[in-house]
Amino acid sequence: MALSALQELESRAVVGTYARNPVEFVRGEGTVLWDSDGHEYLDFLAGISVVQIGHCHPALVEAVTDQAARLMHVGNLYYTEPSMRLAGRLSDLGLGGKAFFCNSGTEAIECAIKLARRHRPQGDFVVMARGFHGRTMGALSATPQEAKQAPFAPLVPGFTVVPHDDAEALAAAVDGNTAAVLIEPVQGEGGIHPLADATLAAARQACDEHGAMLIFDEIQCGMGRTGDWWGWQRAGIRPDAMTVAKGLGGGLPIGACLTTPTYADVLQPGDHGSTFAGGPVIAAGANAVLDVIEQDGFLEAVAAKGARLAAALGDLGLDVRGRGLMLAFAAGDAPALARRLLTEHRLVVNATGPDTVRLLPPLTVSDAEIDDAAARVGAAL
Ligand SMILES: Cc1ncc(COP(=O)(O)O)c(C=O)c1O
């Protein structure tokens, strides 16, 4: 079907919530995508930090294909091995407690909100300016952006917003009625802003003082994206719970809310649930993603590749920020530049806001692809 036919179908039959680019992708391998005219692109967005180990990684394809041919779904009234195995591995890699599986990032946040409310009934939440946690009503209420929230008022009550990366204001906002502080260690949609270690530490201390939960949203910055498994790891503190999604499935829809042992049994039978969550096909895929990221030297390589990309963009005179392979640079008209990069230079990136171009390549990206991408940015500039 021609692109024009797809666009006609979209305008007739698809709810218009997305501003799609005029490209139809038909195939992917590693960092490379092909459109329906056979043009080759470098994908430095990875479905917004989802295609963590590259497009169609053979181990992921094999795990999913094999599981799909044996058993796709029975639901959470029964055991399947991929799901239990994944939970055990995430417990070991994460916070040592338990996982609740779901199907997306926003659902992981909903679970975290319910977990905190169950911990402290009637409790409130402290969230941060420029944060983004999702689009369902609870997650949206935690996402202090006027344009996204206003049309859907009234929101879920009980969310207090503190200024961006302000440790003092954050600590002052936490009290005996706070159920949780919910923040991204490295803010993603808000424009790639790593929070200061001092802010994360202040949040930890305030939560400890008042018996509130500290919840980190690792949906974009987790799963090896920053060169560590989790974005909080360098801050010398740990949260009580964290949300994971995006890269966990490597392209398949899965989310999880992970707890420490202390909070592992706060949610009780009947408190929460999801029909598809933790299904064997998706969990088999996530296990394959973990297999790759767990390989010796993989995360060190992510850090090195991130440094290479940041340096190459810096050499172009760009103002680069971020950590690992979670990077952004300032640009006058970022949406126009992203569009030009896509249509003229065949580099897939996106604009988070009017003046920020964001780069989130697969963690398996090669040095040569990094140099090539930087050259394409240079040419577009
Ligand atoms: C930090 C963060 N939290 C939550 C979400 C929501 O995830 P999803 O789109 O899978 O619902 C996103 C998505 O961009 C995100 O970046």
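Residues numbered from 1 in each chain as written. Predicted model: local features only at pLDDT ≥ 70, side-chain atom pairs only at ≥ 80, totals over all residues. Heavy atoms only, no water.

### Considering the side chain of Asn 103
Working step 1: Mapped onto the elements, Asn 103 comes out in the loop between β4 (99-102) and α5 (105-119).
Working step 2: Separated by 3.0 Å, the side chains of Asn 103 and Glu 107 make a polar contact.
Working step 3: Among the polar contacts listed, one links the side chain of Asn 103 to the side chain of Ser 274, at a separation of 3.0 Å.
Working step 4: Discounting chain neighbours no more than four positions away, the residues touching Asn 103 are Pro 253, Ile 254, Gly 255, Ser 274, Phe 276 and Ala 277. (Helix = DSSP H or I, 4+ residues; strand = E, 2+ residues; numbered from the N terminus. Polar contact = N/O pair within 3.5 Å; in protein donor to acceptor, adjacent residues only side chain to side chain. Contact = heavy atoms within 4.5 Å.)

### Overview of the pairing of strand β11 (residues 241-244)
Working step 1: Burial along β11 is two-sided: the residues Ala 241 and Thr 243 and Met 242 and Val 244 are all buried.
Working step 2: Sheet topology places strand β10 (residues 213-217) next to β11; three bridges connect them, and they run parallel. Looking at the pairing, Ile 215 lines up with Ala 241 of β11. (Buried < 20%, exposed > 50% of the residue type's maximum accessible area, 1.4 Å probe, protein only. Pairing = 2+ DSSP bridges.)

### Quick word on the sheet that holds β10
Working step 1: The mixed open sheet is built from seven strands, whose spatial order is β4-β12-β11-β10-β7-β5-β6. The sheet is open, and its two borders are formed by β4 and β6 (159-162), each paired with just one other strand. When strand polarity is set aside, the average angle formed by the axes of neighbouring strands in this sheet is 20°.
Working step 2: In terms of strand pairing, β11 meets strand β12 (residues 255-259) through four bridges, oriented antiparallel. Across the sheet, residue Val 244 finds its bridge partner in β12, namely Ala 256.
Working step 3: Across the sheet, helix α9 (residues 197-210) is in contact with β5 (124-128), β7 (178-183) and β10; its angle to β10 comes to roughly 150°. (Axes fitted to C-alpha atoms, helices over the stretch in contact; angles between N-to-C directions.)

### Remarks on the pattern of salt bridges
Working step 1: On inspection of all chains with the given rule, the structure shows 15 salt bridges.
Working step 2: One salt bridge connects Arg 85 with Glu 81, and the closest N-O pair in it is separated by 3.7 Å. You can see Arg 85 and its partner Glu 81 sitting in helix α4 (residues 81-93), four residues apart, about one turn around the helix.
Working step 3: In this structure, Glu 189 and Arg 358 form a salt bridge, with 2.7 Å as the shortest nitrogen-oxygen distance. (Salt bridge = Lys/Arg side-chain N within 4 Å of Asp/Glu carboxyl O.)

### What to know about the site of the ligand
Working step 1: Looking at the ligand, the residues that line it are Ser 104, Gly 105, Thr 106, Phe 132, His 133, Gly 134, Glu 184, Glu 189, Asp 217, Ile 219, Gln 220 and Lys 246.
Working step 2: With respect to the ligand, the backbone of Gly 105 contributes an N or O atom lying 2.8 Å from an oxygen atom.
Working step 3: At 3.4 Å, a backbone N or O of Phe 132 approaches a nitrogen atom of the ligand.
Working step 4: Considered on its own, the ligand offers 380 Å² of accessible surface; in the complex 82% of this is hidden by protein.
Working step 5: Residue composition of the shell around the ligand, by class: two nonpolar, six polar and four charged. (Near = heavy atom within 4 Å. Areas by Shrake-Rupley, 256 points an atom, 1.4 Å probe, with all protein chains shown as cover. Nonpolar A, V, L, I, M, F, W, Y, C, P; charged D, E, K, R; others polar.)

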